[in-house]
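What follows is the residue order along each chain.
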Amino acid sequence: MTVSETVAAATAAVGAQALRPHAEDAFAHELKALAAADDRPRPARWRLSPWAVATYLLGGTLSDGTVITPKYVGPRRLVEVAVTTLATDRALLLLGVPGTAKTWVSEHLAAAVSGDSTLLVQGTAGTPEEAVRYGWNYARLLAHGPSRDALVPSPLMRAMADGMTARVEELTRIPADVQDSLITILSEKTLPIPELGQEIQAVSGFNVIATANDRDRGVNEPSSALRRRFNTVVLPLPATADAEVDIVSRRVDQIGRSLDLPPGTDALAEIRRVVTVFRELRDGMTTDGRTKLKSPTGTLSTAEAISVVTNGLALAAHFGDGVLRPGDVAAGILGAVVRDPAADRVVWQEYLETVVRERDGWKDFYRACREVSA
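These figures come from a predicted structure and were not determined experimentally.

Caption draft 1: Here's a closer look at the sheet that holds strand 10 (residues 207–213). Spatially, five strands are ordered 4-7-10-3-11 in an open sheet, and the strand pairing comes out parallel. Here the strands that pair on one side only, and so sit at the sheet edges, are strand 4 (120–122) and strand 11 (230–234). Between one strand axis and the next, the sheet turns through 20° on average, direction left out of account. Looking at chain direction, strand 3 (residues 91–96) and strand 11 are connected through five bridges and run parallel. Paired with A91 across the strands is F230, a residue of strand 11.

Here it is as structure tokens:
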């Protein structure tokens, strides 16, 4: 076996054992089935037509009987607008509160459009300009001076050259001067390389999906010039409790399979309880509309509900009988609600005593929460 064959075999083995496969790998069979059934026009270098991309995100059943699982549960029109934006020369900004599946949607959009969701710039307070533009291999730079061989392309630069979809996560976490590096890329579709007197011009198919948390407004607010380069789609929280329960159940089941945990569908009662607690505290009102509540400082997002239930399933599997019970989720809920030990603990105690304690069928949950809150 050659060196290249050995490396390829090792890479394949690692991919098969990946804890969280990339979207294009985890749902490869669905993407393949969609491509085979898709006879609609496709934009340049797109793997699927806009209709098929939307079907991949929202789910459906193909003519050959293949079931496409929903990746996003929400308004269809939002997905259609997002997909249509990517088919133009305008970049897409997914905006929303934490836990509204912005990253999840951006990954699956990139996987469906380009077949590769890994061209990613992760935004942080320390993201350098090189992550957006390009960097240098300093050994080659010092030995031979500036050259294309010494240049290290960023994910955006690679996407431009190959006509792919690049992703920028947490745009508002990136310093303002680094954000502005995107303006020329998005408006002129070109990336100058002054050191070489050259430029990279984007080929057809290139576009950018960015995500931003609207709780971060004022941290590194994008300039108006950069904002104009994006079409903004706001992803809302789930409209109903049933929709949120469905989302949590699906994601817990997917995560649980990768961790060999009991199926999340067997824990539907506790999932609904967690979702109810989160929604009531988030909305500041009980589901029957009779009691006003104080809201904690945390977001209590759908993503946090998924985490609480997944952790509870792990507790049930490793330290219980495999059945999710109130005691398995109580500690996770406490950790999600009480972020500020002073203010949030008061909110949680009031909720326990005025709502949970009096609710039919919640006695076990009340006792479990009292135990972990003591």
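Caption draft 2: Main features of empty space enclosed by the protein. Tallied over the entire structure, the rule returns two cavities of 30 Å³ or more. Roughly 50 Å³ of internal volume is contained in the largest cavity. Going through the elements one at a time, helix 5 (76–86) and helix 6 (102–114) are the ones with two or more residues in the lining of the largest cavity.

Caption draft 3: Structural context of the packing of aromatic side chains. Enumeration over the complete set of coordinates arrives at four aromatic pairs. Look at F27 and Y56: their rings are 6.4 Å apart centre to centre, the planes differ by 80°, and that puts the pair in the edge-to-face class. On the criterion of sequence distance, the pair formed by F27 in the loop between helix 2 (23–26) and helix 3 (28–37) and Y56 in helix 4 (residues 50–58) is long-range, its members being 29 residues apart. Y56 matches F27 in its accessibility class, with the two residues each being buried. Taking 5.9 Å as the distance between ring centres and 25° as the angle between the ring planes, the aromatic pair formed by W348 and Y351 counts as stacked. Residue W348 and its partner Y351 are both found in helix 16 (residues 343–356); the two are separated by three residues, about one turn of the helix. The exposure class assigned to Y351 is buried, which follows from its relative accessible area of 1%.

Caption draft 4: Quick peek at the layout of surface pockets. Of the volumes computed, that of the largest pocket is approximately 1200 Å³. In terms of lining, the largest pocket is formed by 49 residues, of which the most central are R20, W104, R251, Q254 and I306. For the lining of the largest pocket, the secondary-structure elements that each account for two or more residues are helix 2, helix 3, helix 6, strand 10, helix 12 (241–259) and helix 14 (302–319). A per-element tally of the lining of the largest pocket places helix 12 first, with 11 residues. Here the lining of the largest pocket is composed, by residue class, of 22 nonpolar, 16 polar and 11 charged. Counted as a void, the second largest pocket has a volume near 160 Å³. As for the second largest pocket, its lining consists of 14 residues, and the residues nearest its centre are T88, V203, S204, G205 and F206.

Caption draft 5: Up close: the packing of helix 15 (residues 326–337) against helix 17 (residues 363–373). Interhelical geometry of helix 15 versus helix 17 gives an angle of 50° and a closest axis separation of 8 Å. Taken together, the axes of helix 15 and helix 17 are oblique relative to one another. Between helix 15 and helix 17 lies a crossing whose hand is right-handed. The segment helix 15 lies against helix 17, with P326, G327, V329, A330, A331, I333 and L334 engaging D364, F365, A368, C369, V372 and S373. Classifying every residue of the contact of helix 15 with helix 17 by side-chain character gives 10 nonpolar, two polar and one charged.

Rules used throughout
Residues numbered from 1 in each chain as written. Predicted model: local features only at pLDDT ≥ 70, side-chain atom pairs only at ≥ 80, totals over all residues. Heavy atoms only, no water. Pairing = 2+ DSSP bridges. Helix = DSSP H or I, 4+ residues; strand = E, 2+ residues; numbered from the N terminus. Axes fitted to C-alpha atoms, helices over the stretch in contact; angles between N-to-C directions. 1 Å grid on protein atoms, 1.4 Å probe; cavity = no way out; pocket = protein on both sides within 12 Å on 5 of 7 lines; lining within 4 Å. Points joined across faces, edges and corners; volume = space filled by probe spheres on them. Phe/Tyr/Trp six-rings, centres within 6.5 Å; stacked < 30°, edge-to-face > 60°. Buried < 20%, exposed > 50% of the residue type's maximum accessible area, 1.4 Å probe, protein only. Nonpolar A, V, L, I, M, F, W, Y, C, P; charged D, E, K, R; others polar. Parallel < 35°, antiparallel > 145°, perpendicular 65-115°, else oblique. Left-handed = near helix turned anticlockwise from the far one by under 90°. Contact = heavy atoms within 4.5 Å.

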